[in-house]
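Tertiary structure, described
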Amino acid sequence: MTNNKLIEYLQRAVNMEMTAAHQYQLHAHTLDDWGLTKLAAQMREEMTEELGHSDLFMERLFFLKEAPELGFDKAPKKANSLPEMFKSDMADEEEAIKVYTEGARLAADLGDIGTRTLFEKIVLDEEGHKAWLELQLDLIERLGEKTYSSKLVAFGDDDDAED
């Protein structure tokens, strides 16, 4: 049912998701440092989702009697601005969509419905991430980075008091 190429796609997916999780973790700390605590919290949610994706890919590898090899697809990198952060993340999401779509096609060709379905499910999640990133970049362009950022700062203990 499976072949080495499909296992390579699953391994790469694990590494891409581990990279994404740690990239979002770095973003969260960067955003905290910038005082954008509400956006930092969002990045921590993204980190958790990406870890969940890596977990699903690892689970599939074990099901296929393969041992996952944990690592990064590339090293996480600190951004110097919100647009840089969002553009970099969008490029990563586009790459994930491309790779996972290819993996789904290969799995379908091999008759591996479980792996195909997994790749397709995660592609839909990544498309949602990409749409969110596109919206953030659009908002920054329309509002300006300072105005956009002003809604992402939490003052004191009551994060919703300023909303």
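Residues numbered from 1 in each chain as written. Predicted model: local features only at pLDDT ≥ 70, side-chain atom pairs only at ≥ 80, totals over all residues. Heavy atoms only, no water.

1. Some remarks on the side chain of Glu17
Heads up, the condition is: Secondary structure elements follow DSSP: runs of H or I no shorter than four residues count as helices, runs of E no shorter than two count as strands, and numbering proceeds from the N terminus. Three exposure classes are used, based on accessible area relative to the maximum for each residue type with a 1.4 Å probe and protein chains only: buried under 20%, partly exposed in between, and exposed over 50%. In summary, the charge assignment counts Lys and Arg as positive and Asp and Glu as negative, without counting His or the chain termini. By definition here, a salt bridge exists when the distance from a side-chain nitrogen of Lys or Arg to a carboxyl oxygen of Asp or Glu is within 4 Å. Only heavy atoms matter for contacts: two residues are in contact if any of them lie within 4.5 Å across the pair.
One can find Glu17 in helix α1 (residues 4–34). Within the buried set, Glu17 has no salt-bridge partner at all; the shortest N-O distance to an opposite charge, 9.8 Å, is to Lys121. Leaving out residues up to four positions away in the same chain, Glu17 has contacts with Glu50, His53, Ser54, Phe57, Tyr100, Ile122 and Glu126.

2. Points about the nonpolar core
Heads up, the rule is: Throughout this description, the term nonpolar core refers to a set of buried Ala, Val, Leu, Ile, Met, Phe, Trp, Tyr and Cys residues connected via side-chain atoms within 4.5 Å.
Counting residues in hydrophobic clusters, the biggest one holds 23 residues, and the most contacted among them are Leu10, Val14, Phe57, Tyr100 and Phe119. Going through the elements one at a time, α1, α2 (37–63), α3 (82–110) and α4 (113–143) are the ones with two or more residues in this core. In terms of residue count, α1 provides more of this core than any other element does, eight residues in total. Apart from the residues lying within four places of it in its own chain, the contact partners of Phe119 are Leu6, Tyr9, Leu10, Ala13, Phe57, Tyr100, Gly103 and Ala104. Grouped together as the second largest cluster of nonpolar side chains are 19 residues, Leu36, Met85, Phe86 and Leu137 included.

3. Regarding unusual backbone geometry
Despite not being glycine, Lys65 shows a phi value in the positive range, around 65 degrees. The residue Lys65 is located in the loop between α2 and α3 in this model. Classification of Lys65 as exposed rests on a relative accessible area of 72%.

4. Remarks on α2
Residues separated by three or four positions in an α-helix point in the same direction, a consequence of the helix having 3.6 residues per turn. Our working rule: One less than the number of residues in a helix, times 1.5 Å, gives the span that helix is expected to have.
If you check α2, its first and last C-alpha atoms are 39 Å apart, about what 27 residues at 1.5 Å a residue would give, namely 39 Å. Three or more residues of α2 are buried, namely Leu39, Ala40, Met43, Glu46, Met47, Glu50, His53, Ser54, Phe57, Met58, Arg60 and Leu61. Just downstream of α2 lies Lys65, where phi reads positive at about 65 degrees.

5. Thoughts on the pattern of salt bridges
Summed over all chains, the structure comprises 12 salt bridges. In this structure, Glu102 engages Lys98 in a salt bridge whose closest nitrogen and oxygen atoms are separated by 3.0 Å. Of the two residues, Glu102 and Lys98 are both situated in helix α3; the distance of four residues between them amounts to about one turn of the helix. For Arg142, the salt bridge is made with Asp138, and the minimal N-O distance between the two is 3.4 Å. One end of the pair, Arg142, and the other, Asp138, are both in helix α4, four residues apart, so they sit about a helical turn from each other. Counted as one network, the salt bridges with shared partners bring together Arg12, Asp73 and Glu95.

6. Digging into the packing of α1 against α4
Short version of the rule: Only the stretch in contact is used when fitting a helix axis, every axis being a line fitted to C-alpha atoms; angles between N-to-C directions are given from 0 to 180 degrees. Oblique is the label for any angle not covered by the other classes, which are roughly parallel (under 35 degrees), roughly antiparallel (over 145) and roughly perpendicular (65 to 115). Crossing handedness is read from the near helix: turned anticlockwise from the far helix by less than a right angle, it gives a left-handed crossing, and turned clockwise, a right-handed one.
The geometry of α1 relative to α4 is characterised by a closest axis approach of 12 Å and an angle of 30 degrees between their N-to-C directions. By the angle between their directions, the pair α1 and α4 is classed as roughly parallel. Along this stretch, α1 crosses α4, giving a crossing that reads as left-handed. Where α1 abuts α4, its residues Leu6, Tyr9, Leu10, Ala13 and Glu17 lie against Thr115, Phe119, Ile122 and Glu126.

7. With respect to the environment of Gln136
Residue position: Gln136 is located in helix α4. For Gln136, a relative accessible area of 7% translates into the label buried. Sequence separation of Gln136 and Lys87 is 49 residues, and the distance between their C-alpha atoms is 9.8 Å. Those residues in contact with Gln136, other than ones at most four positions away along the chain, are Phe86 and Tyr148.

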